[in-house]
Structures are given as C-alpha cells and as structure tokens.
Number of protein chains: 2
Amino acid sequence: MNRGNLKRGNRPISKSHTNHRGPTSYDVAQHAGVSQSAVSRCFRPGCSISTATRSRVLAAARELGYQPNAVASGLITRRTGLVAVLISNLTNLYYPEVLAELTTRLAARDIRVLLFTLQAESDIDATLAQVWRYRVDGAIVAARLSQVQLRDFRQKRVPVVLYNRFGEGEYVASVCCDSAAGEHILVDGLVAAGHRSFGIISGPDDSYVSAQRVTGAQRRLADHGLTSLLVSGQFDYDSGKSGLRALWARSGGKLDALICANDLMAIGAIDCARNELLLQLPEALSIVGFDGVAPAAWDSYRVTTIRQPVGRMTEAAVSMIIERIADADLPPEVRTFAGMLMSGGSARLA
Amino acid sequence: MNRGNLKRGNRPISKSHTNHRGPTSYDVAQHAGVSQSAVSRCFRPGCSISTATRSRVLAAARELGYQPNAVASGLITRRTGLVAVLISNLTNLYYPEVLAELTTRLAARDIRVLLFTLQAESDIDATLAQVWRYRVDGAIVAARLSQVQLRDFRQKRVPVVLYNRFGEGEYVASVCCDSAAGEHILVDGLVAAGHRSFGIISGPDDSYVSAQRVTGAQRRLADHGLTSLLVSGQFDYDSGKSGLRALWARSGGKLDALICANDLMAIGAIDCARNELLLQLPEALSIVGFDGVAPAAWDSYRVTTIRQPVGRMTEAAVSMIIERIADADLPPEVRTFAGMLMSGGSARLA
DNA sequence: TTGAAAGCGGTACCAA
DNA sequence: TTGGTACCGCTTTCAA
C-alpha cells in the first residue's frame, strides 16, 4: 500500500504532532490505514461510513489520543461552538448563580462559554470587538446594549439574547423577570398592611433592572395615591446601609417601609436598621428586596423579596440562543417570567 | 491595475462577506488596493510596513468594519488567545470573586476566558476533552486534577496553573493560600483564649482545600495536646447549621469552639447557634471560618476568619500562566500566600 | 462507501 | 517594504 508515500501538501504525513499540541486527523488516518476524509467523517454525525472503517478509525483515534481540532473545524464550518456571555458585575451575588446555570446548560448542549465581565455597563465596545474576532455562534448579554451595538449583532448575523434587559427602541430576543409585576406585589402587600411612608433605594444609574424596579414601585405607589423618597445606591451592601441612613434622616425618622432594588441592599439596610437605628423589624420598619439570592434566605435576614426563577430563565435563554443559532431569522421574542414572593421576616405584608 | 483579476484560490476576491459573518482581509486588501499580506501585517505588531500603506489599510478596515478572524489566526499560529478556567463550584461565594478578578486581569493582557464549571470535582474528564479540542493556550484550574490529567497537560504542552491546589505526587505550577498557617493562627488564638472543646466542620470529601484546612487545624490542636470532634459538610450554609447541630449533640452541649472549613458554613453555624441553640456568641461558643468572603463581614455575622488575598493570588495566577505560555519549559513554581486574620465578633481570640 | 482535492481566513517565509 | 505562496487542520463536494 505504500502509505509512506501519502502526502499532505508536499510533506509526508508522517510528520506532524511530534512538536505540536496533539495528533491530527492525518495521523489517525495513517494509523488506521484510511484516508483523512474517512477520519473526519467518523467524527461528524450522520456521515456515510461503514461500521468496519469506523471502528478502525475510532480505535486509532483512541490509541493516539486524537481530538478533532475545534479551531480548524470552526474555521471551515463557521460554527465555533462558542457562545459569548457578557455579565456586568459578578460580585452582585445574583449573577454567579446565573452564570453557573448558563454554563452548565450550554455545556449540556455541547456549547462552550466565552466569558466577558464588564467593569461598567459602558465599556462594552472593546469587549464586543473581541466577541466579533472570535466568531462566536451567539451571545447572551446581561448588560446594556446601545442600538448601534444591537445593529452590529444583526448585521453580522450573530444571534443575541438579552438577559433581564430589553432592546431599547428595537425588538430583540430577551428573557426577563417581570420587575414591575414583582414590585406591584410588594407595594400592594405593604400598602395593605398599613404602610404609608415609603423610601426607595435604587441601583446604579446606568442599570436597566434598577430603573424598571424603581419605576415599577413608584407607579404602583402612585396608584395608591402615595409618594416615596428616593436615594440611589450601587446594588451593594454598603449602599443599603447608607441609603437607609439618608432616607431616615430625610424623612425625619418617620419612614415605615423601605423598598430596595435588590437583595444585597436590603440586607445592608436591615443591618443598618437593627444595629444603627436600633429598630425592631418588621414592626418599626418593613424592608423588601428583589432577586431572591441565597443570603436573603439566611436566618439573620429572611428578606421579604421577589425570587427570580433563575433556572427557568437561564433555560429559556439557552434554548432561545440555540434556536437562533440554528435559524438566524427567527423573529425576536421576549419571554417574561413572573417572580415569586418570598415572605421573609423583614417586612409586614397583608 | 486590473484588481478585478486578483484571485484567491480560483475565485475572484470580490466574492466573500456578503453572506458571511464579516469582511475578510481580502476584502480590505481590495478596498485599499494592496495585497492581502499587507493587510495581515497591519494587524500584527512589529511588522515592517510603510506608514502610507498602513494608514490606507486601516482606513479601509475601519470602513468595512474588519476584525481579524481569531479562529483563522489561531489555527496557523497555534495561539488561540484563550485560557481555560475550570472552577468547581460557582455557588461557593468565594469563586465568583476569583473568577471576576481572573477574567479582568486576563482581559487586560489580551486573553479571553473559556469558562468551564464542574458539577463535582470528579467529572473533569469530559471537560478536559473540550479543553483540548479548543487548543487553549493555557489553563487555570481550581479543581482536583489526577496525575494522569496533569500528565496530559504536560504531554500536550499546555501550561496549567492550579489555584488553591497542589499537584498530587507531581510538582505543578500553583498559587495557594496557606491553609495550614491560617488554621494555626485561628487555633492558637482560640486555645490562648481558653477554648478546650473543639469541633470541626469539614467540606466535601473530595475537596482539597477542605482537607488542607481540617488537617491543619487538627495538627495544631494536637500540638496543644487537644483533640476535636469532626463532622463533614458540603461547604454550604445548611451544612454549617446541621454540622453544629450534630456536634452539639455529640459533645453533650459542651463544645466551646467551632472551626468551619469555610465562611459559608461558619455563617450557617452562627445562625444555628443563635437561633436554635440560643447561645450568646462569642461568649458561649466561638465560631471561625475561612476565606474572607464579603458576607462574612456583614454586621449580622462578623465572622472571625482568614481572608485570602484574592487580588494578589489571581494576579499571581495570571502572570504565572502568561509566563508559561511564553515559555512552556519554565520550571514548576508554587506561590503560597499567607491569609490575613479578620477578627470579627464570632469568636474570642487571645 | 471511499479518497482526492479545494478551500475556510489568516500567517509567515520568500524573492523581488 | 511588498506581493506571491505554502501552509494550519479540518469539512465538504465530487468522482471513482
């Protein structure tokens, strides 16, 4: 058979992985005594190959420790098997859970995660440049995208699913927890329980979810003929403390309900109320949060909050991106999930 | 000049990005009236190119929105600009911080993160198969690797840096927080303050850091002529509660110091002690943790713990992997960092 | 079913 | 400095 004469380009195929990362399909082909094409087919589902050659190839592959090179196949198929995940703030306690769920579910569908964490929701452009360079099959984005940025996705035909955000001025595939509805539940419960003097601590100014939650709460309060005091925070523990401090001062100590835009700030506020203001919770002050992160359920806090159905939301995001990778022309779709009230001990609700 | 005759393979170069992901270097070349090689050079640092053509190429590139294809260049250069990050349990509260630091620092050095989260530290083989397929430049691993797995890294010449783990039976580049030294500080402080009846809650059986911390504490106690009761947990909040419950029963209520293998369990134990056992902390019982995660510092817990210097550790991991990507033959090196005692209110220390 | 061959989009060597 | 060209390792026609 004179396999020794087999060539690749103008080099004998016997060269190859000695000083490289690993064996190539040519090495396997030679080892199994078949053509390189045959090796390739063995690793692609639904290719016509006889069971005989298939098993010989697989044996050779196992023996050499061959793994198809995803970079090479990504180049020719234009499918990298990569999805970019953009997350603004991993220290938020909410996002680690989301990220863990996303990677697990994507891995189960044979997709890898290219992770990008953003310092602010603003420095996205540099990050997106990298996303384009890597020819990802799609992107799941938990950060604010401008219309221009969204247009880039469409123009490059890279499907994108927004997580807890909407396209602004544009209809984009997204999965959300209904912030307004969640706040309505909280406000209604608080008002029905007799609260009248409300304070709100918002998240960062450029945060989309914060805006949604705050206006959701404000509108519902207005429906009840009530107003509220507002201070802005950064979604972190300290913001909860300083926010409550500020509101307490501004209200002259007559605040009786505090709505925090996320759990972390609610936790900070609870500590401030108990330890600095020496208030009994929830008798003297009701505090509510949003997200339903694990620490919110800890005995020392038991935050009354709205739990986002993270499992269902990430599953939705993953299946939406997969569908759109398969068919880039699927119409935009927004999937909204209701949050679930977790009645803790930090607030009196009717 | 008859550029229309320029060919690529046997196709006119005018074809191309209309139905693809983006323009190629050929498109830019045509647009700028130069060869494709010239375009390529413009995007590689330290290539000889005249400022004139350079600026024309860059103008054309900008106009077309050209970004060099990282997949293609990864194929030929065998540098993908990717580092795999393997993390066992993102819900640990400690790892999100590590991950955020790692991605930020790697991005600053023009490296992207391919993220893999592991369900258990055991299902690594399937994950590693993916790592190999993507020809990553290196890997940072916060999970247990067997000798066989470590050998694969060496054989494929993919540099690896272990995070808070050592190579077992093999010398591997790694960055660690000194668990034993940290536990020594805690044990010494507790013993000096008069504690004599110790309990320990370990992490999962397959966790390396847990083993390190537990044996570190046990040995130091032995040095003081003391023993301890041991129960095993899962590094989570509930394990802290159930662990303390079990130890309290086994000790007949005469436990006076509890050493938890991480902060999360310490927090659970604190809640159990206060709310179930109705103990005054730290008078009736001292509880210590390990890690120094953010919630440990919250007012309601103020866990006495050892803070790992995450910033310095991740910086070390990143610079070690970068060095080894540049030179795969660098000798293994273990960089160990001392933890810092955070005296909270959960324990009496001398 | 099988193998030969033409790319995928770059990089890098080479001669001009 | 520049353009031509041979690859990187795989997928995918197309004939045999």
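The shown structure was predicted, so the numbers you read here are calculated from the model rather than taken from an experiment. (Residues numbered from 1 in each chain as written. Chains lettered and ligands numbered in written order. Predicted model: local features only at pLDDT ≥ 70, side-chain atom pairs only at ≥ 80, totals over all residues. Heavy atoms only, no water.)

1. Quick look at the relation of the copies chain B and chain A
The operation relating the two chain copies consists of a rotation about an axis and a shift along that axis.
Phase 1: After a rotation of 180° and a shift along the axis of 0.0 Å, chain B superposes on chain A with an RMSD of 0.1 Å. Here the two chains are linked by the operation of a two-fold rotation axis. Rotation axis and chain B: the residue whose C-alpha lies nearest the axis is L114 of chain B, separated from it by 2.4 Å.
Phase 2: When you check the interface residues of chain B against chain A, 100% turn up at the interface there too, and the contact is symmetric in its surfaces. (Least-squares fit on C-alpha atoms with pLDDT ≥ 70 in both. Contact = heavy atoms within 4.5 Å.)

2. As for the confidence of the model for chain A
Phase 1: With 94% of its residues at a pLDDT of 70 or more, chain A has an overall mean of 92.
Phase 2: Low pLDDT, under 50, characterises residues 1-18 of chain A; the stretch is placed with 19 contacts to residues that sit more than four places away or in other chains. (pLDDT = per-residue confidence, 0-100.)

3. Remarks on the sheet that holds strand β7 (residues 174-177) of chain B
Phase 1: Reading across from one edge, β13(A)-β7(A)-β6(A)-β5(A)-β3(A)-β4(A)-β4(B)-β3(B)-β5(B)-β6(B)-β7(B)-β13(B) is the order of the 12 strands in this open sheet, with mixed pairing throughout. Both outer strands of the open sheet, β13 (334-337) of chain A together with β13 (334-337) of chain B, are each paired with one neighbouring strand and no more. Neighbour to neighbour, the strand axes of the sheet diverge by 20° on average, direction disregarded.
Phase 2: Relative to strand β5 (residues 138-142) of chain B, strand β3 (residues 82-87) of chain B is paired through five bridges, and the arrangement is parallel. Looking across to β5 of chain B, one finds that V83 of chain B is bridged to G138 of chain B. (Pairing = 2+ DSSP bridges. Helix = DSSP H or I, 4+ residues; strand = E, 2+ residues; numbered from the N terminus. Axes fitted to C-alpha atoms, helices over the stretch in contact; angles between N-to-C directions.)

4. Observations concerning the packing of aromatic side chains
Within a pair of aromatic rings, the relevant descriptors are the distance that separates the centres and the angle that separates the planes.
All names here are of chain A.
Phase 1: Applying the stated criterion across every chain, the model contains 14 aromatic pairs over all chains.
Phase 2: On the basis of an interplanar angle of 70° and a centroid distance of 5.3 Å, the ring pair of F43 and Y66 is categorised as edge-to-face. Of this pair, F43 sits in the loop between α2 (36-42) and α3 (51-64) while Y66 is found in the loop between α3 and α4 (70-77), placing the two residues 23 residues apart along the sequence.
Phase 3: Classification of F43 as partly exposed rests on a relative accessible area of 31%. (Phe/Tyr/Trp six-rings, centres within 6.5 Å; stacked < 30°, edge-to-face > 60°. Buried < 20%, exposed > 50% of the residue type's maximum accessible area, 1.4 Å probe, protein only.)

5. Topic: the packing of helix α6 (residues 124-133) of chain A against helix α7 (residues 147-155) of chain A
Relative orientation and spacing of two packed helices are given, respectively, by the angle between their axes and the distance between those axes.
Residues and elements named next belong to chain A.
Phase 1: Running from N to C, α6 and α7 cross one another at 5°; their axes reach a closest spacing of 12 Å. With respect to each other, α6 and α7 are oriented roughly parallel. Touching I124, D125, L128 and W132 of α6 are Q149, D152 and F153, all from α7.
Phase 2: Residue classes in the contact of α6 with α7 are distributed as four nonpolar, one polar and two charged. (Parallel < 35°, antiparallel > 145°, perpendicular 65-115°, else oblique. Nonpolar A, V, L, I, M, F, W, Y, C, P; charged D, E, K, R; others polar.)

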